[in-house]
Amino acid sequence: MHHPVCIPASQHGDEAPLTASTTEAASIKEQGGARPAQSQAQAPEVSHGPDQGQMQVAMIWPVLGLLLAASLMGLGPVFVRLSGVSAEASAFWRAMLAAPVFLIASQILALPLVGGDKDRQARTGMAAHNNAAPRTPRKTGLLIVAGVLFAADLMFAHLAIGLTTVANAILLNNLAPLFVGCFGLLGLARRPSRRFWQGLPIAMVGALCLFFASSRGSGSVYGDALALVAAGFYGAYFVVIARLRQDHSALQIMLWSTVVTAIVLAAYMMVFDGTIGMPLMAGGWLALCGLAFLTHIGGQGMVSVCFKRVDEATGSIILLWQPFMSALLGALVLGEVLNPWHGLGAVFVMAAVAYITVFRRRRAV
C-alpha cells in the first residue's frame, strides 16, 4: 500500500537535473552553435555508446521491479477486505507476520538494530555497539516515533479501505506529500516550494471530486475522511524517516517501524477490544499472509531496493501505477462500482501528486 522507506521528494531541491545532452547543448551554444571539427574527429575516442547501452539495459530491471512493487502494493486493499478481521487486526497481523522476516534479514546482513553509517561498516558486534552507544537514546526515540506514526497510518488506512471504495482510500492516502508541505509551514520539515502551492488547488479539486463520488452512493464520505487522516500520519512518518535515513538503512527503519506497529496495535486491541482479532477461516489467514509477505515485505522491500538504482522522479511516476491497480482490482475482485467522479478525482489527485513530487532534483551525494 505504501512505500515508506522512500524519502519524500519535498526533501530535495526543485531544479531539474542537468543531463548530458543539456550540458553539451549549452557548450555548443557558447561556441557559436557549431561543434568544432576537432571535437568531431575525437568523438569516436570519447564515445560512450556501449556504456550508455549497458546502462539502459541495467535500468530496465529496476523499472520492472518498481512496476512489480506497485502491483504488489496495489493488492493490499484487496487482502484487507478478504481477511475478514477488523482494520486494526489486519494491520496488526500485517506487521506481526512481517516482523520476523525483517529481523532475520537484519541478522543475515549483520546490521545493528540502532546505528549509523559507521555502525554498518563495522565488522564486529563490539565495534558496532561502541559506535552506536553514544547516540542510542535519541535514535531509538525517533525510531519508536516512526513506528507509532506508521501504526496510526496503517490503522486509519485499513479503516478507510473497509468503509469507502478501494480507489478513494488509496488515492486520498497518496496525498501524503501535501501534508509534508503543511508540516514545512510549521517548521517541522523543509518549507514547501512554489510547486506545492501550485499543485495544492489541483489536489483539493481532486479530493472534492472523490468526496462527491462517495456522496453519490459509491463509497463513504466518512471513509474518505479517514483516508485523509491516514495521509496526514503518513506525511508525518515521511518527515521522521527523512531524518532517520541520514544514518539508518532502509531495513533498519522497516524493522523498527514494523515491530513498533505490531506492539502498538496489539496494545490498542487489548485495551479497547479485550482480544486480538483472528480470522475464522483459512482464507482469512491466506489474505493476511499475502498482505504481510507480498504487500508489506515484497512490495515495500522491492521499492527500497529499486530506488537505489532509479531516480526519484522516474520512480515516483512508476509508483503512480499503484492506485490504478488497486482501483482495477477493487472493481474486478470486490465488485466495486465506480462513477465518472472517481475517474475525474483520480486524474486531479494523481496530476497534483506528480506535479509536486516528481519534478525534483536528486540531492547531491
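Residues numbered from 1 in each chain as written. Predicted model: local features only at pLDDT ≥ 70, side-chain atom pairs only at ≥ 80, totals over all residues. Heavy atoms only, no water.

*Asks:* So what exactly am I meant to see when it comes to the overall build of the protein chain here?
*Replies:* If you tally the helices and strands in the protein chain, you get 17 helices and 0 strands. When the accessible surface of the protein chain is summed, it comes to about 17800 Å², and 68% of that surface belongs to carbon and sulfur atoms. (Helix = DSSP H or I, 4+ residues; strand = E, 2+ residues; numbered from the N terminus. Areas by Shrake-Rupley, 256 points an atom, 1.4 Å probe, with all protein chains shown as cover.)

*Asks:* When you look at the packing of helix H11 (residues 194-215) against helix H12 (residues 221-244) in this model, what are you seeing that I'm missing?
*Replies:* Each pair of packed helices can be described by the angle between their axes along with the distance between the axes. The N-to-C vectors of H11 and H12 enclose an angle of 150 degrees; their axes lie 8 Å apart at closest approach. Relative to H12, the element H11 lies roughly antiparallel. Contact residues: Leu-210, Phe-211, Ser-214 and Ser-215 in H11; Val-221, Asp-224, Ala-225 and Leu-228 in H12. (Axes fitted to C-alpha atoms, helices over the stretch in contact; angles between N-to-C directions. Parallel < 35°, antiparallel > 145°, perpendicular 65-115°, else oblique. Contact = heavy atoms within 4.5 Å.)

*Asks:* What am I meant to see in the side chain of Ser-90 here?
*Replies:* Note on placement: Ser-90 falls in helix H5 (residues 87-108). Leave out the neighbours within four places in its chain, and Ser-90 touches Val-80, Ser-83, Val-85, His-158, Leu-288 and Leu-291.

*Asks:* Just to check I follow, could you spell out the packing of aromatic side chains for this structure?
*Replies:* Two measures describe an aromatic ring pair: the distance that separates the ring centres and the angle between the ring planes. For the coordinates displayed, the defined rule picks out 9 aromatic pairs. Summarising the aromatic geometry, the rings of Phe-92 and Trp-93 are spaced 4.9 Å apart at their centres and angled 70 degrees between planes, so their arrangement reads as edge-to-face. Judged by centre distance (5.1 Å) and plane angle (80 degrees), the rings of Phe-196 and Trp-197 are edge-to-face. You can call Phe-196 buried: its relative accessible area is 2%. One aromatic cluster is present, formed by Phe-150, Tyr-234, Tyr-237 and Phe-238 through successive ring pairs. For Arg-195, the ring lying beneath its charged end belongs to Tyr-355, and the centroid distance is 4.7 Å. (Phe/Tyr/Trp six-rings, centres within 6.5 Å; stacked < 30°, edge-to-face > 60°. Buried < 20%, exposed > 50% of the residue type's maximum accessible area, 1.4 Å probe, protein only. Lys NZ or Arg CZ within 6 Å of the ring centre and 35° of its normal.)

*Asks:* What's the story with the nonpolar core in this structure? I'm lost.
*Replies:* Soluble, globular proteins show a tendency: their nonpolar side chains are buried together. Core analysis: the largest hydrophobic core is formed by 65 residues, its most contacted members being Phe-92, Leu-172, Leu-175, Leu-178 and Tyr-237. The residues contacting Leu-172, other than those within four sequence positions of it, are Ala-207, Leu-210, Phe-211, Asp-224, Ala-227, Leu-228 and Ala-231. Membership of the second largest hydrophobic core comes to 10 residues, among which are Ala-70, Cys-306, Phe-307 and Leu-319. (Core = buried A, V, L, I, M, F, W, Y, C linked by side-chain atoms within 4.5 Å.)

*Asks:* For this particular structure, what's the right way to read the pattern of salt bridges?
*Replies:* As a working rule, side chains carrying opposite charge can pair if their charged atoms are close by. Counted under the stated rule, the structure contains 1 salt bridge. The partner of Glu-336 in a salt bridge is Arg-81, with the nearest N and O atoms 2.7 Å apart. Taken together, the residues span a long stretch of sequence, with Glu-336 in the loop between helix H16 (321-332) and helix H17 (340-357) and Arg-81 in helix H4 (residues 76-82) at a distance of 255 residues. By relative accessible area, which is 13% here, Glu-336 ends up buried. (Salt bridge = Lys/Arg side-chain N within 4 Å of Asp/Glu carboxyl O.)

*Asks:* Where do I start with the environment of Ala-95 in this structure?
*Replies:* The topology assignment puts Ala-95 in helix H5. With relative accessibility at 1%, the residue Ala-95 sits in the buried group. Taking the C-alpha atoms as reference points, Ala-95 and Ile-297, separated by 202 residues in sequence, lie 9.6 Å from one another. If we skip the residues at most four places from it in the chain, Ala-95 touches Thr-258, Thr-261 and Ala-262.

Distances and angles like these do not, on their own, reveal function.
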